[in-house]
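Below are the chains, spelled out letter by letter.
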Amino acid sequence: MSPEPIVVAFVASEFQVRGTSAYTLRLARRLPEFGFKPVIVSPDSECVPDVCRGKLDLLDYSFLETPLVGSLIAKLAARDLKKFQPRLVHVQSRQAIDSGHRIAKSLQVPYLLTVHDFTEGQEAIDLDPHLNAGVVAVSEYVREGLRKTSSDWRYSIDVIYSGVDIPKSDVGAHVLEAERTPVIGTAGPLEASKGLDFFLQAAKAVLDQGHDVEFLIAGSGPEESKLRELARKLGIVPNVTFVTNLLDFGTCLRALDIFCLPSLSQGLGTIMLEAMALGRPVIASEVGGVTKIVQDGDTGLAVPPSDSARLAERMIELLSNPARAREIGAKARSLVIDRFNVDRMVEETVRLYQRILTSPLSR
């Protein structure tokens, strides 16, 4: 008879089509293989794909992160979680730390926090020294950033890269085929920090030089109307497609020949890793954790952030040499298989759970 699985309560922010939500779902889907049962608490899980929904325990509390009533909602969530008897709370992002801490305190179990990003000048995270069992940083850049926020940082930080699923076959062989119009695109939340205005300016420069290219922006967010207006002002609307209201980016990433990540700041770049796993060559800003992944001319092409002219030059560089683009895409795919696959992420997380659950804090 198999032992009962160990329950871990995941506390997440509202699910969106972005890297942090993908991290939660990938981890939750694989944990049962290792004897753990995740129960996910969030303000809204409507964007969770149906293929995941039927296999996961999802508990929604609409006002979980609302300042005025969030503490009361967290107590309600903790009451409902008691029937599952969780032994650990895993807070899925810094945005969910307040509700995660409240739930862990009500349940009197330790909590672990995953941090996906870091911005210079960011305030230190307020952690409970009695209940916090450590922090997971998705890159060395995030780990060092967290340590800089406080001169007396006293919590352990484990770097566990966000892992992505690896397609079974090498699907990058058709990149920049001669008979097709090339597609250059990006995917993720449409936020100011993603530098998408520079992507559109680079698109105009490429088109102005006579290249026949389609550009794709997949995702949604507060910058959407501004970006659509910029495309109109630049006169490139016929060549730019916005794809919104997605449940995942898979189809859009497969439609691309070249993936761009023009971010102004970036903890790691999970969606970029998904594109790399598909054998797509990437052009990315030299920011944050991206610098450890994109080795210029080898596993991708690097550009300075906020530099649309250089971004356009690197786009043309790949468009003009399809064989080199496919070679870069193949090297990128090999890197992801080796260092950023979901198996490695889950196994390292399980080892961390086991370490926490055998420590004095969890007793």
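Rules used throughout
- Residues numbered from 1 in each chain as written.
- Predicted model: local features only at pLDDT ≥ 70, side-chain atom pairs only at ≥ 80, totals over all residues.
- Heavy atoms only, no water.
- Helix = DSSP H or I, 4+ residues; strand = E, 2+ residues; numbered from the N terminus.
- Rg over C-alpha atoms; globule rule 2.2 N^0.38 Å.
- Buried < 20%, exposed > 50% of the residue type's maximum accessible area, 1.4 Å probe, protein only.
- Contact = heavy atoms within 4.5 Å.
- Areas by Shrake-Rupley, 256 points an atom, 1.4 Å probe, with all protein chains shown as cover.
- Core = buried A, V, L, I, M, F, W, Y, C linked by side-chain atoms within 4.5 Å.
- Polar contact = N/O pair within 3.5 Å; in protein donor to acceptor, adjacent residues only side chain to side chain.
- Patch = residues over 30% accessible without salt bridge, like charges linked within 9 Å, V, L, I, M, F, W, Y side chains within 5 Å.
- Salt bridge = Lys/Arg side-chain N within 4 Å of Asp/Glu carboxyl O.
- Lys, Arg positive; Asp, Glu negative; His and termini not counted.
- Charge placed at Lys NZ, Arg CZ, Asp CG, Glu CD.
- Pairing = 2+ DSSP bridges.
- Axes fitted to C-alpha atoms, helices over the stretch in contact; angles between N-to-C directions.

Caption draft 1: Inspection of the overall build of the chain at higher detail. The number of helices and strands found in the chain is twelve helices and 13 strands. Taken over C-alpha atoms, the radius of gyration comes to 21 Å for the chain, in line with the 21 Å a tight globule of 363 residues would show. Taken along its principal axes, the extent of the C-alpha atoms in the chain is 65 × 45 × 45 Å. Evaluated residue by residue, the chain yields a buried proportion of 56% over its 363 residues. Within the chain, counting contacts between residues at least 6 apart in sequence, those at least 24 apart form 66% of the total. Split by element, the accessible area of the chain, about 16,100 Å² in all, is 49% carbon and sulfur.

Caption draft 2: Highlighting the nonpolar core. Within the largest apolar cluster, 68 residues are counted, with the highest numbers of intra-cluster contacts made by Val89, Ile103, Phe259 and Met272. Residue contacts for Met272: discarding those within four places in its chain leaves Phe259, Leu261, Val282, Ala284, Val290, Ile293 and Val294. Counting residues in hydrophobic clusters, the runner-up holds 34 residues, among them Ala202, Val213, Leu301 and Ile316.

Caption draft 3: Region of the structure containing the environment of Asp128. Within the secondary structure, Asp128 is located in the loop between β5 (111–115) and β6 (132–137). Owing to a relative accessible area of 13%, Asp128 belongs among the buried residues under this scheme. The spatial distance from the C-alpha of Asp128 to the C-alpha of Pro110 is 9.5 Å, given a sequence separation of 18 residues. Beyond its immediate stretch of four places on either side in the chain, Asp128 contacts His101, Tyr111 and Tyr155. At 2.9 Å, the side chain of Asp128 forms a polar contact with the side chain of His101.

Caption draft 4: Structural detail: a negative patch on the surface. On the surface, Glu14, Glu46, Glu65, Asp98 and Asp126 cluster together to form a negatively charged patch. Counting through the fold element by element, Glu46 comes out in the loop between β2 (36–42) and α2 (50–53). For Glu46, a relative accessible area of 63% gives the class exposed.

Caption draft 5: Local environment of the sheet that holds strand β8 (residues 183–187). Strands sit in the order β10-β9-β8-β11-β12-β13 across an open sheet of six strands; the sheet is parallel. Edge positions in the open sheet fall to β10 (240–243) and β13 (301–303), since each of these has one partner strand only. Averaged over all adjacent pairs, the angle separating strand axes in this sheet is 20°, with direction ignored. Here strand β12 (residues 282–285) pairs with β13 via three bridges, running parallel. Along β13, the bridge assignment pairs Ser285 with Val303. The strands that helix α9 (residues 270–277) touches are β8, β11 (258–261) and β12; relative to β11, the one it contacts most, it runs at about 165°. The sheet strands contacting helix α10 (residues 308–319) are β8, β9 (214–218), β11, β12 and β13, and the helix crosses β13 at an angle near 165°.

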